[in-house]
Amino acid sequence: MTMQIADSVSLPSTDARARAHAVAARDSLRTEPPAIRIAIIAMAVIFLSVFVVLPLVLVFAQAFSRGVLAYFSALAEPEALAAIKLTLIVAAISVGLNLVFGLVAAWAIAKFEFSGKTFLITLIDLPFSVSPVISGLVFVLLFGAQGYFGSWLRDHDIQILFAVPGIALATTFVTFPFVARALIPLMQEQGTQEEEAAISLGASGLQTFFRVTLPNIKWGVLYGVLLCNARAMGEFGAVSVVSGHIRGETNTMPLLVEILYNEYQFVAAFAIASLLAMLALITLIAKTVLERHLDEGHDASDH
Amino acid sequence: MTIEVRNLVKQFGSFKALDGVDLKVDNGELLALLGPSGSGKTTLLRIIAGLDWPDSGEVSFNGEDALAQGARERNVGFVFQHYALFRHMTVFENVAFGLRVQPRASRKDEPTIRARVKELLDLVQLDWLADRYPSQLSGGQRQRIALARALAIEPRILLLDEPFGALDAKVRKELRRWLRSLHQEINVTSIFVTHDQEEALEVANRVVVMDKGRIEQIGSPDDVYESPATAFVHGFIGESIELPVQVEGGVIRLGDRPLNLAVDGLVSGASKLFVRRHDMLVGPPGSGAFEGAVQHVRNFGPVQRAEVALSGGETIEIDAPRDRELRAGDTIGLKPRRYRIFAG
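Note that the structure is predicted; figures quoted are calculated from it, not measured. (Residues numbered from 1 in each chain as written. Chains lettered and ligands numbered in written order. Predicted model: local features only at pLDDT ≥ 70, side-chain atom pairs only at ≥ 80, totals over all residues. Heavy atoms only, no water.)

**Student:** Would you explain the overall build of chain A in this entry?
**Tutor:** Scanning chain A for helices and strands turns up 16 helices and zero strands. Per-residue burial over chain A gives 42% buried out of 303 residues. Summed over all atoms, the accessible surface of chain A reaches about 16100 Å², with 70% contributed by carbon and sulfur. (Helix = DSSP H or I, 4+ residues; strand = E, 2+ residues; numbered from the N terminus. Buried < 20%, exposed > 50% of the residue type's maximum accessible area, 1.4 Å probe, protein only. Areas by Shrake-Rupley, 256 points an atom, 1.4 Å probe, with all protein chains shown as cover.)

Listed below in structure tokens is the structure:
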């Protein structure tokens, strides 16, 4: 359930101007009788309560059902600590990689003209359109014992599947689009003139990147990293396929939640789930703050 | 700094942006590149700046090969049409940028940089905006800051790409005058690109008229206005009446009507007759080269603009002084005070 919260975090919405227009238009369109208005609002509130708020409350209620002590001792279990540690490591690796790849891809797409660009943009979205389970299976096909690189890897004693590298790879694949997708429209809108100005003023390539390009896209970068991180920590499907579920070794938090739940250890399962739920809440708040900054950036460049 | 461009060619896909351009710019000149959009003027400017590279040809500064250097080394100040100010920096930091990114060995110390930026902001008369961000400035202010930023690196050449193109008419006029006096003050070799003939004629010492990647004419503002070298220049600069005529056996004909105009030195064949609107003198019917009926009259300050249907079938617009009021329905004679005929 908590994983779904993280999954449903959406990409940058349409720009601020469109929203402002919508607000202006709303006043003139508000012609429905009050009863209908109230009914519609009530439906929305009830739906949200049942499908979003209630499950969230239940997660915390279950986690604390045997008291605070049981909650914290469940989190202090070696298995739980190992899962938290693994999740943090995997998220750090995949966010780091995707930050670099995303920046490079967005830079290439926004600042250069080349053939096959549309294809590249489509390719970036591939991880979103493929079921995570399939993404995981791809890595099994590549690196598994019967896979293309399986025997070579075994000969060289390199463990990818059922180990941290496999989990990190699968997570990186699944979360790749977030940073790139946050940056491409932003960088396309900003164009190349500021970079040209910097270079004609004598700045080197690195100076131009760190003094001009990066400051202009920093909110977009943070936004992409935030969503990428939320998804990386919450990823279940792809990781489940490549992890092997070795207790205390290759279980991430979402995987451990499932295992504990299947073993009827509800307090422990929901204690870990509550951590993921908190991550989701923090992500949502941070996302709102970042979107405000991004909108300000848009307004400033509107003139 | 003199600039010399020889046989420059640049192609974007199937579009020829520059088709063999030769140009010499003298030291301290304020030169205008004038032409319609797609004439190659901005491409030429960007190649001089090092922001674009030609397919072939040479560019040299003071006789040195400029194409051997990147934009970074050329020490050229570039002002963009849409300012391209660094939006996350204050006005002060924008102007200081070029000084701060210098290699450590040649970088000035902080007090020197501050003094220099202050001096430049004084020069563009915007020292009171030092702590603002670009988004808080008006278009005219932004463009002046962009100019101060470009001047901070003490450029050998100043290049301006449609510097006033994004501004409204009144601000544009003010800035034009200001740019001319600024150029007299700092006297750095400058080239600006514009599609606005009035701007080119008012600001520049010399005007280069371009069309379809080629230079049509180079000359003083008076030259290009008074003695256009080609049909394109005549049509593009000033408001002209253009009539298709036929030169044959010492006679110029409009349709089948012979015009009472001198034809010395003209090649026979289809030609184009150009007359400035205000060079058409109005007289009684039968007195001039053309006859026509006034269709419509509007008054513009000291002149009246009349739409006249010529008896040959063409309709033209003329600007006549208001000492003799024209009325719709009048039949008048028209005599060009000055005219030019170009073959083709």
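**Student:** What should I look at first to understand the pattern of salt bridges in this one?
**Tutor:** Proximity of charged atoms lets side chains of opposite charge pair with each other. All names here are of chain B. Tallying each qualifying case throughout the model produces 38 salt bridges over all chains. Linking Glu119 and Arg116 is a salt bridge whose minimum nitrogen-to-oxygen distance equals 3.1 Å. Of the two residues, Glu119 and Arg116 are both situated in helix α4 (residues 110-123); the distance of three residues between them amounts to about one turn of the helix. For Arg116, a relative accessible area of 18% gives the class buried. For Glu242, the salt bridge identified is with Lys272, shortest N-O distance 3.7 Å. Of the two residues, Glu242 is situated in strand β11 (residues 240-248) and Lys272 in strand β14 (residues 269-276); the sequence distance between them amounts to 30 residues. Look at Glu242 and you get partly exposed, because its relative accessible area is 42%. One network of salt bridges, in which partners are shared, links Lys173, Arg176, Asp196, Glu198, Glu199 and Glu202. (Salt bridge = Lys/Arg side-chain N within 4 Å of Asp/Glu carboxyl O.)

**Student:** Looking at this structure, how should I read the confidence of the model for chain A?
**Tutor:** Caution is warranted with low-pLDDT regions, since their predicted coordinates should not be read in detail. All names here are of chain A. Here chain A averages 86 in pLDDT, while 88% of its residues score no lower than 70. Confidence, expressed as mean pLDDT per element, reaches its minimum in chain A at helix α1 (residues 2-7) with 41 and its maximum at helix α12 (residues 193-200) with 94. Counting interchain partners and residues more than four positions distant, the pLDDT-below-50 stretch residues 1-14 has 29 contacts. Under a pLDDT of 50 for its full length, residues 299-303 has, in the predicted model, seven contacts with residues more than four places off or in other chains. (pLDDT = per-residue confidence, 0-100. Contact = heavy atoms within 4.5 Å.)

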